[in-house]
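# Report on the structure
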Amino acid sequence: ESVDLRAARDPLEEARARAASEMTRAIDLVRGPVFRALLLRTGEQEQVLVLILHHLAGDGWSTSVLVRDLVALYEGASLAGTVAGRPPLSRKLCTA
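Remember, predicted model here, so these are calculated numbers, not experimental data. Here, residues in each chain are numbered from 1, in the same order as that chain's written sequence. Only residues with pLDDT of at least 70 are given local features in this predicted model, and only at 80 or more are side-chain atom pairs given and counted; all residues enter the totals for whole chains, interfaces and linings. Processing note: side-chain calculations cover all non-hydrogen atoms of the structure and skip hydrogens and water entirely.

### A look at the sheet that holds strand β1 (residues 2-4)
- Strands are labelled as partners when DSSP assigns at least two bridges between them. A run of H or I in DSSP becomes a helix once it reaches four residues, and a run of E becomes a strand once it reaches two; helices and strands are each numbered from the N terminus. What the three strands build is an open sheet, ordered β1-β2-β3; its pairing is mixed. Because the sheet does not close on itself, it has two edges, and the strands there are β1 and β3 (47-53). Neighbour-to-neighbour, the strand axes of this sheet turn through a mean angle of 15°, independent of strand direction.
- Looking at chain direction, strand β2 (residues 35-41) and β3 are connected through seven bridges and run antiparallel. Bridging from a neighbouring strand, R41 pairs with Q47 of β3.
- Residue contacts are defined here by distance: any two heavy atoms, one from each residue, within 4.5 Å place the two residues in contact. Whenever a helix is involved, its axis is fitted only over the stretch in contact; in every case the axis is a line through C-alpha atoms, and angles between N-to-C directions fall within 0 to 180 degrees. Packed onto the sheet, helix α1 (residues 11-24) meets β1, β2 and β3 and runs at close to 10° relative to β3.

### Section: the pattern of salt bridges
- One speaks of a salt bridge when a side-chain nitrogen belonging to Lys or Arg is within 4 Å of a carboxyl oxygen belonging to Asp or Glu. By the definition in use, this model includes nine salt bridges.
- For the salt bridge of E13 with R16, the shortest nitrogen-to-oxygen distance reads 3.5 Å. With E13 and R16 both in helix α1, this residue pair falls three residues apart, about one helical turn.
- Looking at E13, the relative accessible area reads 42%, which means it is partly exposed.
- Residue R25 pairs with E22 through a salt bridge whose shortest N-O separation is 3.0 Å.
- Residue R25 is classed as partly exposed on the basis of its relative accessible area of 44%.
- For E22, a relative accessible area of 9% gives the class buried. The rule is simple: take the accessible area with a 1.4 Å probe, protein chains only, and divide by the maximum for that residue type; under 20% is buried, over 50% is exposed, in between is partly exposed.

As structure tokens, this is what we get:
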């Protein structure tokens, strides 16, 4: 989901409030999703990304890989002024 908060009186405070609200929303393990993303646009080039992941959907290792890759993409895009290219995964992901 993506929400444009630029018209709010204080976009960052509104982003904090929405993030806090999102964190209190229950995750339905039967119907899902067990992973939610919320992108809050607070300025012309500023956004806040809120990721909610149920602990059954990812362990510490896989969550650290997700965070590492997001940081690498962000830093690559910031330096290059574009989205960084990523090589194909070297291992298959198990979905079972």
